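Listed here are the chains, written in short residue letters.
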Amino acid sequence: MQYLVSVIDDKANPGSTDQRSAISAFNERLIAEGYWVFAGGLADTDTATVVDNRGEQPVFSDGPFVESKEYLAGVWVWEAPDLDVALGLAAEASKVCDRKIEVRPFQ
Amino acid sequence: MNDVHEAVTRAHREEWARVVAALNRRFGDLDIAEEAAAEAFATAVERWPADGVPPNPGGWLTTTAHRKAIDRIRRENKRRDKHKEARMAYDDDPPEPPEPTGAIDDDRLRLVFTCCHPALATQTRVALTLRMVGGLTVPEIARAFLVQETALERRITRAKAKIKAARIPYRVPSAEDLPARVTGVLAVLYLVFNEGYLATGPGTDPVRRDLTAEAIRLTRLVRALLPDDGEVAGLLALMLLTEARRTARVSAGGELVPLGEQDRGAWDTPLIAEGHRLVRERLAAAAAGTAPGRYQILAAINAVHTSARDVRDTDWSQILALYDRLVRLDPSPVVALNRAVAVAELDGPQVALAAVDRLGDALAGYHAYHATRADLLRRLGRSEQARAAYDKAVGLAGNTAETAYLTRRRDQLR
């Protein structure tokens, strides 16, 4: 079962930025234990571009599709046998990243 | 005919959770398990009067439900061809061998842990537990919690979908997670009990016997499944010792009767004896070095109260010592408030009031804070302040019997 694991940051109350080595070590472990599928940190939401080509012409607009205090700072995709395993890892991830984590299953 | 009706009722009470749990294990789908179990019981209602009660009602129900589930899966397969192969593969697989679960191996326990999973909202856990483990119908649960049936149905449907989609596992948690998860299960059971015991809402019976009885029944089940867990025993004892005082707690006129004024002869002796037995069992374990959790301490406090034939015989110093232990475990303002009630008995209302007043910031919206203050102020002869505190308590209390009691006390002030 695959889970999208989103790292959620808060503009008003951002998590610590000094987590790089801890996250690397955690990633190493995810790989070694067979949970790791994909991981990536995201650039600031200001760098996003929204594309809408449902009409006659594509429309490009600057900025995130929704302005909010909380935003997606990065994602993992994990392979885990069930939600308990994913939540256990997510609890560690939240400590390691110093941020909230959302765990959501793929269909 | 009546015997058959009784047999169905008894089978429902005793076998519902087992049937749902076995089917969920077999088909990995709580929705199918629930529906098939409900259909099997409906078939029993139809058939048993004519055919007679089968010698093994539980086995009959499980087999019937199993057939109903396979019928439904076949029907769905026909409708949705693209899922056919996957579903049929499931259907024809032999049952999976049981996962190793240590000493505990009962599908019902798995069901309890699934329904009380921390990834579900608390209200959802309560509703799901009452439906899947307790076998209450959606209208019954909706009535009990004063919510709309459609809203509750949606909540349960959404929970079943989440359990399946997010793969909330169907198993007893690992030894390292077990204590926290048992705590979660007990919190759900205690919530059900308290909603029965301290029923809120205008026009509601002050005590909802259906809910307290259901909470006790489910806690007994969990106790049978986890006989060595001290907190499970503690919660069961706490519920029994509380339930034992139920009839004495509300007067014929529908007014709350506080502990000190209750007719102790009206207490339920067998329930008290059972509660005391459990508390003694836990005391022995504590003497052997197992530190008691909060339910065990609360049960012990209730055991001290129910040991006194007359309120004047109450061993308040022992109660205070137990509250001191509880404060160390749970330093919450609500516990401190209850401790202050014992302090009032030992050191007088003045000392207790000082302790209660310190909780004002945290508990300003809690009716029991104002009710406790009102009582202490009344005992100190400070009528004006007592009246104001009773007013606040009446405004915040949701239980009809409690409102009636507080109103009378206020009106008796001179």
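Residues numbered from 1 in each chain as written. Chains lettered and ligands numbered in written order. Predicted model: local features only at pLDDT ≥ 70, side-chain atom pairs only at ≥ 80, totals over all residues. Heavy atoms only, no water.

Digging into the interface of chain A and chain B
- Each side of the interface is counted separately: chain A has 9 residues, and chain B has 9 residues.
- Here chain A and chain B share an interface that buries about 740 Å² over both sides, 54% of which is from carbon and sulfur atoms.
- Our count for the contact surface shared by chain A and chain B stands at 2 salt bridges.
- Between B:Arg171 and A:Asp82 there is a salt bridge; the shortest N-O distance is 2.7 Å.
- Where chain A touches chain B, the interface holds 6 residue pairs in polar contact (both at pLDDT 80 or more). (Contact = heavy atoms within 4.5 Å. Buried area = accessible area lost by both parts, 1.4 Å probe. Salt bridge = Lys/Arg side-chain N within 4 Å of Asp/Glu carboxyl O. Polar contact = N/O pair within 3.5 Å; in protein donor to acceptor, adjacent residues only side chain to side chain.)

Some details on the packing of aromatic side chains
- Taken as a whole and judged by the stated rule, the model has 7 aromatic pairs over all chains.
- Each ring, one from A:Phe26 and one from A:Trp76, has its centre 5.7 Å from the other, and the planes form 80°; the classification is edge-to-face. Residue A:Phe26 is located in helix H1 (residues 20–32), and its partner A:Trp76 is located in strand E5 (residues 70–79); the two are separated by 50 residues in the primary sequence.
- Given a relative accessible area of 4%, A:Phe26 falls into the buried group.
- In this structure A:Trp76 comes out as buried when scored by relative accessible area, which is 4%.
- Look at B:Phe193 and B:Tyr197: their rings are 5.7 Å apart centre to centre, the planes differ by 10°, and that puts the pair in the stacked class. Here B:Phe193 pairs with B:Tyr197, and both are found in helix H9 (residues 178–197), just 4 residues apart, close to one helical turn. Pair check on accessibility: B:Phe193 and B:Tyr197 agree, each one buried.
- Over the face of the ring belonging to B:Tyr295 we find B:Arg294, whose NZ or CZ atom lies 5.3 Å from the ring centre. (Phe/Tyr/Trp six-rings, centres within 6.5 Å; stacked < 30°, edge-to-face > 60°. Helix = DSSP H or I, 4+ residues; strand = E, 2+ residues; numbered from the N terminus. Buried < 20%, exposed > 50% of the residue type's maximum accessible area, 1.4 Å probe, protein only. Lys NZ or Arg CZ within 6 Å of the ring centre and 35° of its normal.)

Brief notes about a negative patch on the surface
- A contiguous patch of negative charge on the surface is contributed by A:Asp44, A:Asp46, A:Asp62 and A:Glu67.
- In this fold, A:Asp46 is placed in the loop between strand E2 (36–41) and strand E3 (49–52). (Patch = residues over 30% accessible without salt bridge, like charges linked within 9 Å, V, L, I, M, F, W, Y side chains within 5 Å. Areas by Shrake-Rupley, 256 points an atom, 1.4 Å probe, with all protein chains shown as cover. Lys, Arg positive; Asp, Glu negative; His and termini not counted. Charge placed at Lys NZ, Arg CZ, Asp CG, Glu CD.)

Observations regarding the pairing of E5(A)
- The pairing of strand E1 (residues 2–10) of chain A with E5(A) spans 9 bridges and is antiparallel. Note that in E5(A) the partner of A:Ile8 across the bridge is A:Leu72. (Pairing = 2+ DSSP bridges.)

A word on the domain arrangement of chain B
- According to the domain assignment, chain B contains domain 1 (2–92), domain 2 (106–227) and domain 3 (356–414).
- For domain 2 of chain B and domain 3 of chain B, the distance between their C-alpha centres works out to 33 Å. (Domains from an automatic or database assignment.)

Considerations on the confidence of the model for chain A
- Looking at chain A, the pLDDT average stands at 93 and 100% of residues meet or exceed 70.
- When pLDDT is averaged over each helix and strand of chain A, the minimum, 92, is found for strand E4 (residues 59–62) of chain A and the maximum, 97, for strand E6 (residues 100–105) of chain A. (pLDDT = per-residue confidence, 0-100.)

Digging into the pairing of E3(A)
- Relative to E4(A), E3(A) runs antiparallel, the two being bridged by 4 bridges. Bridging across to E4(A), A:Thr49 finds its partner in A:Asp62.

Brief notes about the packing of helix H6 (residues 122–133) of chain B against helix H8 (residues 149–165) of chain B
Residues and elements named next belong to chain B.
- Running from amino to carboxyl end, H6 crosses H8 at an angle of 90°, the nearest separation of the two axes being 10 Å. With respect to their mutual orientation, H6 and H8 come out roughly perpendicular. Residues Gln123, Thr124, Ala127, Leu128, Arg131 and Met132 of H6 pack against Leu152, Arg155, Ile156, Ala159, Lys160 and Ile163 of H8.
- Looking at the contact of H6 with H8 residue by residue, the classes come out as 7 nonpolar, 2 polar and 3 charged. (Axes fitted to C-alpha atoms, helices over the stretch in contact; angles between N-to-C directions. Parallel < 35°, antiparallel > 145°, perpendicular 65-115°, else oblique. Nonpolar A, V, L, I, M, F, W, Y, C, P; charged D, E, K, R; others polar.)

Some details on the environment of B:Thr114
- Among the secondary structure elements, B:Thr114 is positioned in helix H5 (residues 107–115).
- In contact with B:Thr114, not counting residues within four places along its chain, are B:Leu120, B:Ile163, B:Ile168, B:Pro169 and B:Tyr170.

Examining the packing of helix H2 (residues 30–51) of chain B against helix H3 (residues 57–79) of chain B
Residues and elements named next belong to chain B.
- Running from amino to carboxyl end, H2 crosses H3 at an angle of 125°, the nearest separation of the two axes being 8 Å. Our classification of the angle between H2 and H3 gives oblique. Relative to H3, the crossing made by H2 is right-handed. Across the interface between the two elements, Asp31, Ile32, Glu35, Ala36, Ala37, Glu39, Ala40, Phe41, Thr43, Ala44, Arg47 and Trp48 of H2 pack against Pro57, Trp60, Leu61, Thr64, Ala65, Lys68, Ala69, Arg72, Ile73 and Arg75 of H3.
- Class assignment of the residues belonging to the contact of H2 with H3 gives a composition of 13 nonpolar, 2 polar and 7 charged. (Left-handed = near helix turned anticlockwise from the far one by under 90°.)

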